[in-house]
Amino acid sequence: MKKFLLILVVMLTGCSNAENHDIKITDYNDYLSVINTYPHNTSSFTQGLFFDNGMLYESTGEYGWSKIYKDIDLLTGKPSESYSLDSELFGEGAVIFKNKLYVLTWKEGKALIMDPDEMLVLETLNYDKEGFGLTTDGKYLIASDGSSKLYFMNEGLDVIKEINVTFNGNKVEMLNELEYIDGYIWANIWQTNFIVVINPENGNVVKKIDFTGILDENLKDENTDVLNGIAYNDDKIYITGKRWPLIFECKLK
């Protein structure tokens, strides 16, 4: 763990010190090593992917198909439990924050607050933005809405602060799935093969990673959709996409 943190701090601090200079796009092979692949449910329109206490959770979208999967077995791709959202809800990002499972919806103006042990909805809160990605730094919920902004919210979904995300001085639009990793926010850019690593203090992108080619073309079919899904556990980063057949387990080089 200490070795991983040291490598990450050195690499990202170097980028952070150069935030006002041109940051080059990095191929994932130059930054990460794929050490394992695991099966992923190809019916899952992945919206959120995260670990909590060593258990892998996934939230999925599409009307009538939106689910929350709990305790997914990496070796089989099967969860121990699941919860189906009402058919009029399009599930989006999810995360556990202060012992509650928060699940955003896309355009319905609602967020579900669930008991992660019982997988039951405790309450539904009004949510005045489009739901996209969701993560936490332990102090705040952090959400994206498909724009260049990230919102830091309390447990009642009140926005405490927001940041604008920029890459070499230009706005980064279409921020989607999020993961907080060792002081930085990793974000999928929707409809692209890019993941950006964001300084949460100022919104500057300190690393832009191109994941083109991580999923072999031979493994795609007509239902395979875009890169979307970042999770972090035990020094490893997990990458997948919507209706992808695989989850990739990676380590920093």
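Going by the structure above, here's the rest.
Below or above, wherever it landed, is the structure these notes cover. A quick note: this is a predicted structure, and the numbers were derived from the prediction, not measured.

### Quick word on the overall build of the protein
Counting its secondary structure elements, the protein contains two helices and 23 strands. On C-alpha atoms alone, the protein measures out to a radius of gyration of 17 Å, which is about the 18 Å that the 2.2 N^0.38 rule sets for 253 residues. Dimensions of the protein, computed from the C-alpha atoms along their principal axes, are close to 45 × 45 × 35 Å. Counting the 253 residues in the protein, one finds 53% classified as buried. Counted over contacts in the protein with a minimum sequence separation of 6, partners at least 24 positions apart contribute 51%. Carbon and sulfur atoms make up 46% of the accessible area of the protein, which totals about 11,300 Å². When the 23 basic and 39 acidic side-chain charges of the protein are each reduced to a single mean position, those positions are 4 Å apart.

### Considering the side chain of T136
With respect to the helices and strands, T136 occurs in strand 11 (residues 134-136). Of the polar contacts made by the side chain of T136, one reaches the backbone nitrogen of G138; its length is 2.9 Å. Excluding residues within four positions of it along the chain, T136 makes contact with V95, I96, F97, L141, I142 and Y180.

### As for the environment of L227
Take L227: it is sitting in strand 21 (residues 227-233). The exposure class of L227 is buried, given its relative accessible area of 1%. Sequence-wise, L227 and K107 are 120 residues apart; in three dimensions their C-alpha atoms are separated by 21 Å. Once you skip the residues sitting within four places of it in the chain, L227 turns out to touch N188, T192, N193, F194, I195, F211, I239, T240, G241 and W244.

### Regarding the pairing of strand 21
For strand 21, the buried fraction is high: six of the seven residues fall into the buried class. Where strand 21 lies against strand 22 (residues 236-241), five bridges are found, and the strand directions are antiparallel. Paired with A231 across the strands is Y238, a residue of strand 22. Between the end of strand 21 and the start of strand 22, which pair antiparallel, lie two residues, with D234 showing a positive phi angle near 50°.

Parameters and conventions
- Residues numbered from 1 in each chain as written.
- Predicted model: local features only at pLDDT ≥ 70, side-chain atom pairs only at ≥ 80, totals over all residues.
- Heavy atoms only, no water.
- Helix = DSSP H or I, 4+ residues; strand = E, 2+ residues; numbered from the N terminus.
- Rg over C-alpha atoms; globule rule 2.2 N^0.38 Å.
- Buried < 20%, exposed > 50% of the residue type's maximum accessible area, 1.4 Å probe, protein only.
- Contact = heavy atoms within 4.5 Å.
- Areas by Shrake-Rupley, 256 points an atom, 1.4 Å probe, with all protein chains shown as cover.
- Lys, Arg positive; Asp, Glu negative; His and termini not counted.
- Charge placed at Lys NZ, Arg CZ, Asp CG, Glu CD.
- Polar contact = N/O pair within 3.5 Å; in protein donor to acceptor, adjacent residues only side chain to side chain.
- Pairing = 2+ DSSP bridges.

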